[in-house]
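# Survey of secondary and tertiary structure
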Amino acid sequence: MSTPVNYLIPRQKDELHKAILAYFSASGLSNTGAALREELGVGDEFLDQNTMKKYEGVLEKKWTGVLRLQKKIMELESRLSSLQSELDSATPTSLTRRNVDPSSWLPRAPARHVLTSHRSSINSVAFHPIFSVLASGSDDTTIKIWDWELGELERTVKGHTKAVLDLDFGGPKAGVLLVSCSSDLTIKLWDPNNEYKNIRTLTGHDHSVSAVRFIPSAAGEYLVSASRDKTLRVWEVATGYCVKTISGHSDWIRDVEPSHDGRWLLSAGGDQTTRLWDASTAEHKATFIGHEHVVNCCVFAPPSAYPHLATIAGLKKPPPATSSSEFIATGSRDKTIKLWDARGTLLKTLIGHDNWIRALAFHPAGKYLLSVSDDKTIRCWDLTQDGRCVKTVDEAHSHFATCLRWAPAPAKEQTNGEAKTNGTPKAGEKIINVRCVIATGSADMNVRVFAS
């Protein structure tokens, strides 16, 4: 008789035996449990009452986890087989037709996935920077974690006691974290590598925390929050300490956005202004005045958009791509989107939405600006055509469209700080890495994923 292969180290064996004994105990199989103890040669001290509680339900969780992974593997194998069949039957003409330039991709109906599980309005969505994971935060006080490629709910994260108003993935590269903020006045950090355990709760704001973002840096040391208490706060991720409080707005701050290099912060709010700040010194640099109602959202333009925005601004040549705060866009309850330069000069007002503007996102390739609104639509504005609206996704949701995020580019394709698109760039053309995926959330309680 052959000797059985030993796959488990002693510690793993002990944990398995304890989980099995806890399962027997919970199922009322005391004789079976006693027989196993005898076979293992262990006494009652091996699994006392306190340890028993720790291991109750572990076996069932592991089992359902295996089944879920098995189902996912089968679905991926089926999808792979389908794609292989499609590839085998493809002709050069069909391949050319399918190879759409990512820099020109825009969302279109229907959505690839409609993610349903929340029980109230959704306020925020955020993509994991590496994996096909999407988080959503809702008025129902929960955070939902989804696999956006498969369209499946992976888990529900609970901890906040009031509405979850904003989310963001980021922090140290070695250990990406999820941050959330809420009407319960707290900011919470969650560890995706440890079943989204709440590792830190940050307190200090005196009113609802409207928005939160990790400040980009090599070490991912800080995050910034905006609140109804009219302040911005900068927090140290490792300790949870508030290291800076920034004041200047005279009303509820609705949104905050750091520049891609972490040097600048942009904030917008109920005082109908948007403000630019130096992230390291908290010095106020510019105020953007022109909206006639609450400014709900603000965003920095990526350097890829500089050539198009420079034309709108009447500049002979675009600013250097090394500068991170040359142009911004803002969206307001006055139903307009405004484009500005960094000095606060209004360049263009984009009119077309029939209700409050709720979120903005620049196309990573820089040619378009996307917006969502309480009019239930997604609108795509072409910056090469003086900001003309070139596409509207009507009834993107059945109720107010409240949030919008563009999926980060696949990191594995990057080389020397740049990345490859599918297709060969033309002579003199900059290589832009684009993942053609966006997610939107709504008061209809659904998250929708639009993808190529």
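Residues numbered from 1 in each chain as written. Predicted model: local features only at pLDDT ≥ 70, side-chain atom pairs only at ≥ 80, totals over all residues. Heavy atoms only, no water.

UniProt records the feature "repeat: WD" (unreviewed entry) for residues 115-156, 157-191, 202-245, 246-287, 324-341 and 350-383 in the present numbering. In residues 157-191, helix accounts for 0% and strand for 57%; the two terminal C-alpha atoms are 11 Å from one another. (UniProt positions renumbered as here; feature names shortened; annotations may be inferred. Helix = DSSP H or I, 4+ residues; strand = E, 2+ residues; numbered from the N terminus.)

We now examine the sheet that holds strand β18 (residues 295-300). On the basis of which strands lie adjacent, the open sheet formed by 4 strands has the order β18-β19-β20-β21 and antiparallel pairing. Every other strand in the sheet has two partners, leaving β18 and β21 (346-351) as the edge strands with one partner each. Here the strands of the sheet are splayed against their neighbours by 20° on average, with no regard to which way each runs. Bridge count between strand β19 (residues 327-332) and strand β20 (residues 336-341): 5 bridges; the pairing is antiparallel. Paired with I328 across the strands is W340, a residue of β20. (Pairing = 2+ DSSP bridges. Axes fitted to C-alpha atoms, helices over the stretch in contact; angles between N-to-C directions.)

What follows covers the nonpolar core. Judged by nonpolar contacts, the single largest core of 20 residues is most densely connected at L370, V372, I378, L404, W406, I438 and F450. Elements with a contribution of two residues or more to this core: β22 (357-362), β23 (368-373), β24 (378-382) and β26 (401-406). For I438, the contacting residues outside a window of four places in its chain are W105, P107, F127, L370, I378, L404, R405, W406, R448, V449 and F450. With 19 residues, the next largest nonpolar core counts A301, I312, L347 and W381 among its residues. (Core = buried A, V, L, I, M, F, W, Y, C linked by side-chain atoms within 4.5 Å. Buried < 20%, exposed > 50% of the residue type's maximum accessible area, 1.4 Å probe, protein only. Contact = heavy atoms within 4.5 Å.)

Tracing the backbone shows S324 in the loop between α6 (306-313) and β19. Of the residues examined, S324 reaches a relative accessible area of 2% and is grouped as buried. Among the polar contacts made by the side chain of S324, one reaches the side chain of D261 at a distance of 2.8 Å. Engagement of the side chain of S324 in a polar contact is seen with the side chain of W264, the distance being 3.5 Å. Sequence-distant contacts of S324, that is, excluding residues within four places in its chain, are made with S259, H260, D261, R263, W264, F300 and Y306. (Polar contact = N/O pair within 3.5 Å; in protein donor to acceptor, adjacent residues only side chain to side chain.)

Once that is clear, we can look at the pairing of strand β2 (residues 122-127). Most of β2 is tucked away: 6 of the 6 residues are buried. With 5 bridges joining them, β2 and strand β3 (residues 133-138) adopt antiparallel strand pairing. Bridging from a neighbouring strand, A126 pairs with A135 of β3. Between β2 and the antiparallel strand that follows it, β3, lie 5 residues.

What follows deals with the state of the cysteines. The tally for this structure, following the rule as stated, stands at 0 disulfides. Not engaged in a disulfide, the cysteine C380 finds its nearest cysteine sulfur in C389; these two sulfurs lie 7.0 Å apart. (Disulfide = S-S within 2.5 Å.)

Turning to the packing of helix α1 (residues 10-26) against helix α2 (residues 30-40), a few remarks are in order. Two elements in contact, α1 and α2, have axes whose closest approach is 9 Å; the angle formed by their N-to-C orientations is 155°. With respect to α2, the element α1 is oriented roughly antiparallel. Relative to α2, α1 is oriented so that their crossing is left-handed. For the pair α1 and α2, the contacting residues are H17, I20, L21 and F24 in the first and T32, G33, L36, R37 and L40 in the second. (Parallel < 35°, antiparallel > 145°, perpendicular 65-115°, else oblique. Left-handed = near helix turned anticlockwise from the far one by under 90°.)

What follows covers the pattern of salt bridges. Under the defined criterion, the tally for this structure stands at 11 salt bridges. Residue E154 pairs with K72 through a salt bridge whose shortest N-O separation is 2.9 Å. You can see E154 sitting in strand β5 (residues 152-157) and its partner K72 sitting in helix α4 (residues 58-88), a full 82 residues away along the chain. Residue E154 is classed as partly exposed on the basis of its relative accessible area of 31%. Judged by relative accessible area, which is 19%, K72 ranks as buried. Salt-bridge contacts for D168 lead to R405; the nearest nitrogen and oxygen are separated by 2.7 Å. Of this pair, D168 sits in strand β6 (residues 164-170) while R405 sits in strand β26; the two residues are 237 residues apart in sequence, bridging distant segments of the chain. Residue D168 is classed as buried on the basis of its relative accessible area of 8%. A single network of salt bridges, built from pairs that share partners, joins K72, D147 and E154. (Salt bridge = Lys/Arg side-chain N within 4 Å of Asp/Glu carboxyl O.)

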